[in-house]
Amino acid sequence: MNAPNQLTSPFDTLQLERLPRDNSHTLRAWDAADEYLLQYLHEHFNETQQPLIFNDNFGALSLSLHQQNPTTINDSFVSQQATLTNQQINQLDTNIQQLDSVSALPPAPLAIIKLPKNTRYFEFQLQMLNHYLPAGTPVAIGAMVKYLSSNFFKLFEQHLENTTTTLAKKKARLLLGFTRGGAKKPTLAIARQQPETGLTVFDTPNVFAAGKLDQGSRFFLQHFPDLSDTESAIDLGCGNGLLGLTALKKHPQLHMSFVDESCHAIYATRCAVKAMDVAERATLQQNHCLQGFEKHSVDAVLCNPPFHQQQAVGIQIARQMFRDSARVLKPSGKLYIIGNRHLGYHLELKKHFKQVKTLASDKKFVLWAAHS
Ligand SMILES: C[S@@+](CC[C@H](N)C(=O)[O-])C[C@H]1O[C@@H](n2cnc3c(N)ncnc32)[C@H](O)[C@@H]1O
């Protein structure tokens, strides 16, 4: 029987950690779709050098295939960091290239995709493959059956040719096909007027709430805090940037740092900052929470935290955001945080802040202000 963090595949045996670490050991850093993909790749592409690997959450695929010198493409900063951490844990002297999710793809004889969470981003990745790789390049997609909606199937059949699917194994399936080639480069950011804020926001394929306004963000906007005495603030987990942009619009004295772990979120926010002409009052950073931010350096943090990490539900990231905010805020600073009532964030906030006040609430949401 394997140790809980040990992935054994036909390629290698690896010790793999999630990031942030999950001490409960209820979640592993890979799933049966990764195992199925590795078995298939060993049988059919054992010698193939320099494949592209998309959406490898914690490095299970790219580190197992390290001898094939893969390029791994990730929208998630946390996934990139997890891959590096796991590379160090396993002392692998490898040549894995890490690429972000907006750059041109290098030539490759094979593309491996771990199904992403959203269909827009899946379609974008298939379009990128058809733009950058020649027709006939094999594509192997691994997915857990519970996430494979009919929309994913439609896109798979629309953008690839000679498609087949495998039988399910441990509730995972593989979708196999070949690029059609000859596609236009897909559009990365589309401008949209947001009537609720009067802002021009930008939708990128993997940004949170593309094409709509999240209900939690709407509630936050309806009860937006007064930041007139605030010089510096952070929009933590900024998505398309609407909270930070709203603050910049209302308060001309303010400087805003936009932080998100998603490259598509930072790209979308950068487009909006440019459209609003506030670049001199904004900095943007792809980061895991507030890593590297100085202690006691900002006046306010605005946050609508995630309660998913990729497909896994949980508040580990929100917890890290609270901890980091408590460290980075000045003693007089405040964290403004919106959450679903049932998540009970106030209990978690009280571990890090002396005062936790409800600013507004309804049946579904609560907006808190926390300070030391
Ligand atoms: C609920 S969305 C909120 C987006 C936006 N602020 C809004 O209100 O519409 C949470 C955001 O947190 C980002 N996020 C998730 N994990 C993160 C992490 N570890 N560090 C920074 N941002 C993260 C997600 O990419 C997502 O954009």
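Residues numbered from 1 in each chain as written. Predicted model: local features only at pLDDT ≥ 70, side-chain atom pairs only at ≥ 80, totals over all residues. Heavy atoms only, no water.

**Some points on the overall build of the protein**
- Within the protein one finds 10 helices and 20 strands.
- Here the C-alpha radius of gyration of the protein, 21 Å, is about what a compact globule of 372 residues would show, namely 21 Å.
- In terms of overall dimensions, the protein has C-alpha extents of about 60 × 45 × 40 Å along its principal axes.
- Residues classed as buried in the protein amount to 56% of the 372 residues present.
- Across the protein, every contact between residues at least 6 apart in sequence was considered, and the portion connecting residues at least 24 apart equals 68%.
- Accessible surface, the protein: about 16,700 Å² in total, of which carbon and sulfur atoms supply 49%.
- In the protein, 36 side chains carry a positive charge and 31 a negative one; their mean positions are 7 Å apart. (Helix = DSSP H or I, 4+ residues; strand = E, 2+ residues; numbered from the N terminus. Rg over C-alpha atoms; globule rule 2.2 N^0.38 Å. Buried < 20%, exposed > 50% of the residue type's maximum accessible area, 1.4 Å probe, protein only. Contact = heavy atoms within 4.5 Å. Areas by Shrake-Rupley, 256 points an atom, 1.4 Å probe, with all protein chains shown as cover. Lys, Arg positive; Asp, Glu negative; His and termini not counted. Charge placed at Lys NZ, Arg CZ, Asp CG, Glu CD.)

**Side note on the packing of aromatic side chains**
- A full pass over the atoms with the stated rule returns 7 aromatic pairs.
- Consider the rings of Phe322 and Tyr345, whose centres lie 5.3 Å apart with planes at 80°: the pair is edge-to-face. Linking Phe322 in helix H9 (residues 316–328) with Tyr345 in helix H10 (residues 345–349), this pair joins segments that are 23 residues apart in sequence.
- Owing to a relative accessible area of 0%, Phe322 belongs among the buried residues under this scheme.
- Following the ring pairs from residue to residue traces out a cluster consisting of Phe322, Tyr345 and Trp368. (Phe/Tyr/Trp six-rings, centres within 6.5 Å; stacked < 30°, edge-to-face > 60°.)

**With respect to the packing of helix H7 (residues 242–250) against helix H8 (residues 263–276)**
- Running from amino to carboxyl end, H7 crosses H8 at an angle of 15°, the nearest separation of the two axes being 11 Å. Overall, the two elements H7 and H8 adopt an arrangement that is roughly parallel. By crossing handedness, the relation of H7 to H8 is classed as right-handed. Taken together, the residues of H8 that come into contact with H7 (itself represented by Leu245, Leu248 and Lys249) are Ala272, Val273 and Met276.
- Among the residues forming the contact of H7 with H8, the class breakdown is 5 nonpolar, no polar and 1 charged. (Axes fitted to C-alpha atoms, helices over the stretch in contact; angles between N-to-C directions. Parallel < 35°, antiparallel > 145°, perpendicular 65-115°, else oblique. Left-handed = near helix turned anticlockwise from the far one by under 90°. Nonpolar A, V, L, I, M, F, W, Y, C, P; charged D, E, K, R; others polar.)

**What to know about the nonpolar core**
- Of all hydrophobic cores here, the largest spans 37 residues; its most connected members are Phe220, Phe224, Leu227, Met256, Phe258 and Leu302.
- Elements with a contribution of two residues or more to this core: strand S11 (199–203), helix H6 (215–222), H7, strand S13 (255–260), H8, strand S15 (298–303), strand S18 (329–340) and strand S20 (365–371).
- In terms of residue count, the dominant contributor to this core is H8 (6 residues).
- Residues Leu7, Leu19, Leu38 and Ile112 belong to the second largest nonpolar core, which totals 31 residues. (Core = buried A, V, L, I, M, F, W, Y, C linked by side-chain atoms within 4.5 Å.)

**A look at unusual backbone geometry**
- Cis peptide bonds are those with omega within 30 degrees of zero, and the linkage from Leu19 to Pro20 qualifies with -5°.
- If you trace the backbone, Pro20 turns up in the loop between strand S2 (13–15) and helix H1 (32–44).
- Look at Asn69: it is not a glycine, yet its phi comes out positive at around 50°.
- Inspection of the secondary structure assignment puts Asn69 in the loop between helix H2 (60–64) and strand S4 (71–73).
- A positive phi angle is found at Lys171, which is not glycine, with a value near 65°.
- Relative to the assigned elements, Lys171 resides in the loop between strand S8 (160–165) and strand S9 (172–179).

**A word on helix H3 (residues 77–89)**
- Spanning 13 residues, H3 covers 18 Å between terminal C-alpha atoms, matching the ideal 18 Å at 1.5 Å per step.
- Elements in contact with the buried residues of H3: S2, H2, strand S5 (97–99), strand S14 (282–286) and strand S16 (308–309).
- With its phi angle positive at about 50°, Gln91 sits one or two positions after the end of H3. (Expected span 1.5 Å × (residues − 1).)

**Some details on H9**
- Under the 1.5 Å per step criterion, the end-to-end length of H9 is 18 Å for 13 residues, consistent within 8% with the ideal 18 Å.
- Listed in full, the buried residues belonging to H9 are Ile317, Ala318, Gln320, Met321, Phe322, Asp324, Ser325 and Val328.
- Packing partners of the buried residues in H9 comprise strand S12 (232–236), S15, S16, S18 and H10.

**A word on the packing of H6 against H7**
- Viewed as axis vectors pointing N to C, H6 and H7 meet at an angle of 20°, and their least axial separation amounts to 11 Å. Judged by the angle between their axes, H6 and H7 are roughly parallel. By crossing handedness, the relation of H6 to H7 is classed as right-handed. Contact with H6, carried on its side by Ser217, Phe220 and Leu221, involves Leu242, Leu243 and Thr246 of H7 and no other residues of that element.
- Broken down by class, the residue content of the contact of H6 with H7 amounts to 4 nonpolar, 2 polar and no charged.

**So, the pattern of salt bridges**
- Evaluated as defined, the whole model comprises 9 salt bridges.
- The salt bridge involving Glu196 is made with Arg218; its shortest N-O contact spans 3.6 Å. Residue Glu196 is found in the loop between strand S10 (190–194) and S11, and its partner Arg218 is found in helix H6; the two are separated by 22 residues along the sequence.
- Put simply, Lys330 and Asp299 hold a salt bridge, and the shortest N to O gap is 3.1 Å. Placement of Lys330 in strand S18 and of Asp299 in strand S15 is noted, with a sequence separation of 31 residues between them.
- Relative accessible area serves as the criterion here: at 26%, Lys330 is assigned to the partly exposed category. (Salt bridge = Lys/Arg side-chain N within 4 Å of Asp/Glu carboxyl O.)

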